[in-house]
Structure formats: structure tokens, C-alpha cells
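Notes for the structure review
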Amino acid sequence: MLKELFIKNNTKKKKYATIPSEMVKSEVPEGIMTKCPSCKKIMYTKELNKNLKVCIHCGYHHSMNSFERIDSFLDAGSFEELNENMISGNPLNFPDYLEKIEKDRQKTKLNEAVVTGTGTVNGIKIVLAVMDSTFRMGSMGSVVGEKITRAIEKADDLSVPFIIFTASGGARMQEGALSLMQMAKTSVALKKFSNHGGLIISIMTHPTTGGVSASFASLGDFNFAEPEALIGFAGRRVIEQSIREELPEDFQTSEFLLKHGQLDAIISRLDLVGKITNILEIHQPGGEIEW
Ligand SMILES: [Zn+2]
């Protein structure tokens, strides 16, 4: 019976929903058009998706789930998933935790809030970890920490770069201290990998908060972010209340962090593959910089 919980789910998330015929007839069919939350303009969802979910009018980066991200970043067909069947237990017997996990598994067709695997970017082999904010808000429980740690170890074994896309609400409260321990575990794995000369690239996406921002998300040799992403440790209200000061409007955005030296660059999703390829090429044995 338990075996049923481990059923392998290889189905990638559908990019386009099928529109029932009655809906096509209605004036604003859901799914066909998307309204940009930033510039409020309406555009074809298909066109938006073709532009990697970057608003064609204002450049706003709509959120991507893990498989959309993998499809947009890796060479087609190169992804091989690692530890996809690892699922959470309920170590603290937190009420309704397993039910919530199961609900998210049904909803997202994922087994946890991070997808890890190997693949190539313009022919260069890497190990990739992509967090998914649609699963328990991308929160970091033991499975997330373990999968990321194993992915880093895999990169170490293969002597290839490790790239992570973060998107997280922080630690997973239902796992208490065990969740916080993932910060130390992943950080140690990164340090070991780094000591062996491994290249680490972190790309923070909206939102990257809490224990994730305070551990592996910020530990790359390169720490990048997408434009206008929310990145921070504690929430704005908590900080304002504890320091009794009003914070600037753009506080905890990628732009604010770049201005204050916490990021190396903000990279538009449309330029990402090209820029990361350049960095990967420089770090290949015998790699050369193109000036
Ligand atoms: Zn827009």
C-alpha cells in the first residue's frame, strides 16, 4: 500500500490548458489571455509563454514552475532527473502535514518542492536544482535539503558546475528544527564542493526568502537574481517593528540588493542562457574569455 505513495511521476506540467468549447465562446476565455500584474496589459498566454513568461510590454517576469524553468534553461531533451521519488515523512507528527503534502503532490504532479537532475546548457554538462514555489510555497523541509545536498554531491562526483534556481517561502514550519538543519547541511555540502574546485551559480527568483536566502541561495560563486524578485530573510513588517524604522519602498528587491553589494548581477530571463553559457565556458578546463 505504501508503495503507491512512491509511484513515479514523469509527466511534465502541461504548459497550455485545453480550453473547453463553451469557454472559447465567452468574451474573455480563461487561459487564452493573461493580464500582466505589473503593467495591467492583456496579452495572449501563448505569446507570453513563447517569451519565457516575460511580459512583452513591460518585461515583468511571471513566475515559472520547475519544469517550465528546466525546459527554458537546459538543452532540449538533456535533463535526467535525480531522486525524483523521494517524499516527506512526518517526523514531528505535525497535524495534517502528510495530507497537505499529498494535496500538493496531486496539484503539482511533483513529489517535493525541488526538482534536481543533470543536463546540458549549450552542450556543457551541469547538475541543476530548481525549486518550485507551487509546492508548499517552495518551503525547505528535509527532502528539499536532502535532494539539494545529493545534487551538490553529484556535481562533485562528476566534476561539473552546480546551478540552482531558488524560489522559496523559507523553512517548512511543519518540520521545525529539522527544516532549519537543512541550512547547515546544504552549506557544508557546498563548501566541500567548493574546496574541490567546484563552480556554484545561484539564481534567485521571486520569491527567495527565509532560511533559503540565508543558506545555499547566497552561497554561490556567482549570486544572480531575476529582475524585481523579492529576496530577503525576515518579512518587512517584522523588521520594521524590531528596528522601529520605516524601510525604503524597494527594500528586499533584487535591485536593492544589487545596489548594496549582495548580488553580482540581475539577469533578465531572456538573456540568462547566453550569460550563464559564457560563465560556464570560462570555467571549463582550457576555457577562454571572449573579450
Ligand atoms: Zn507587463
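What counts as what
Residues numbered from 1 in each chain as written. Predicted model: local features only at pLDDT ≥ 70, side-chain atom pairs only at ≥ 80, totals over all residues. Heavy atoms only, no water. Helix = DSSP H or I, 4+ residues; strand = E, 2+ residues; numbered from the N terminus. Buried < 20%, exposed > 50% of the residue type's maximum accessible area, 1.4 Å probe, protein only. Contact = heavy atoms within 4.5 Å. Areas by Shrake-Rupley, 256 points an atom, 1.4 Å probe, with all protein chains shown as cover. Donors = N, O, S within 2.8 Å, 3.2 Å for Na, K, Ca; no water. Tetrahedral: all angles 85-135°; square planar, octahedral: opposite > 155°, others 65-115°. Pairing = 2+ DSSP bridges. Arc of directions from axis to C-beta. UniProt positions renumbered as here; feature names shortened; annotations may be inferred. Phe/Tyr/Trp six-rings, centres within 6.5 Å; stacked < 30°, edge-to-face > 60°. Right-handed = clockwise from strand over helix to strand, strands pointing away.

Moving on to the overall build of the protein. When helices and strands are tallied, the protein shows ten helices and ten strands. Expressed as a percentage of the 291 residues in the protein, the buried residues total 44%. Restricting the contact set of the protein to residue pairs at least 6 apart, pairs at least 24 apart contribute 66%. Surface exposure of the protein reaches about 15600 Å², of which carbon and sulfur atoms provide 54%.

This brings us to the coordination of the zinc ion. In the first shell of the zinc ion, the protein supplies Cys36 (SG), Cys39 (SG), Cys55 (SG) and Cys58 (SG), at 2.3 to 2.4 Å from the metal. Bound by four donor atoms, the zinc ion shows angles of 107 to 111° at the metal and therefore tetrahedral coordination geometry.

By the criterion of burial, strand β4 (residues 114–121) is predominantly enclosed, with eight of the eight residues buried. The alternating pattern of β4 places Val114, Thr116, Thr118 and Thr120 and Val115, Gly117, Gly119 and Val121 on opposite faces, both of which are buried. Bridging between strand β3 (residues 80–82) and β4 involves three bridges; their strand directions are antiparallel. Along β4, the bridge assignment pairs Leu82 with Thr116.

A word on helix α10 (residues 272–282). Those residues of α10 that sit buried are Leu272, Ile276, Thr277, Ile279 and Leu280. Relative to the axis of α10, the buried residues are bounded by an arc of 165° and lie together on one face. Tucked inside the fold, the buried residues of α10 contact α3 (66–73), β4, β5 (124–131), β6 (162–168), β7 (200–209) and β8 (222–225).

Residues given the UniProt feature "binding site: Zn(2+)" (unreviewed entry) here are Cys36, Cys39, Cys55 and Cys58. Taking the farthest pair of C-alpha atoms as the criterion, the annotated set spanning 23 residues converges on one region, since that pair is 8.7 Å apart. Within the fold, Cys36 resides in the loop between β1 (33–35) and β2 (42–44). Under the relative-accessibility criterion, Cys36 is labelled buried at 0%. Those residues in contact with Cys36, other than ones at most four positions away along the chain, are Lys41, Met43, Cys55, Cys58, Tyr60 and His62. Along the chain, the position of Cys58 falls in the loop between α2 (45–50) and α3. Judged by its relative accessible area of 36%, Cys58 falls in the partly exposed class. With residues near it in sequence (within four places) discarded, Cys58 still touches Cys36, Ser38 and Cys39.

With that out of the way, let us pick up the packing of aromatic side chains. This model, assessed by the stated rule, comprises four aromatic pairs. For the ring pair Phe222 and Phe224, a centre distance of 5.7 Å and an interplane angle of 25° mean the geometry is stacked. Overall, Phe222 belongs to the partly exposed group, its relative accessible area being 22%. Ring centres of Phe251 and Phe256 lie 5.4 Å apart, and the angle between their planes is 75°; this geometry places the pair in the edge-to-face category. With respect to burial, Phe251 and Phe256 carry one shared label: buried.

Time to look at the pairing of β5. With seven of its eight residues buried, β5 lies for the most part within the structure. Relative to β5, β4 runs antiparallel, the two being bridged by eight bridges. The residue of β5 that forms the bridge with Thr116 is Ala129. In this structure, the hairpin formed by β4 and β5 is closed by a connection of two residues, where Asn122 is found at a positive phi of approximately 45°. Two strands pair when backbone bridges link them, and β5 and β6 are joined in this way by four bridges, in the parallel orientation. Bridging from a neighbouring strand, Ala129 pairs with Ile164 of β6. Taking the sense of rotation as the criterion, the β-α-β connection linking β5, helix α5 (residues 142–158) and β6 turns out right-handed.

It is worth spelling out the environment of Val188 at this point. Looking at the secondary structure, you find Val188 in helix α6 (residues 176–195). C-alpha of Val188 to C-alpha of Phe216: the two residues are 28 residues apart in sequence and 9.5 Å apart in space.

Here the focus is unusual backbone geometry. Across the junction of His206 and Pro207, the peptide omega takes the value -15°, indicating a cis bond. When you line up the elements, Pro207 lands in strand β7. Unusually for a residue other than glycine, Arg244 sits at a positive phi of about 50°.

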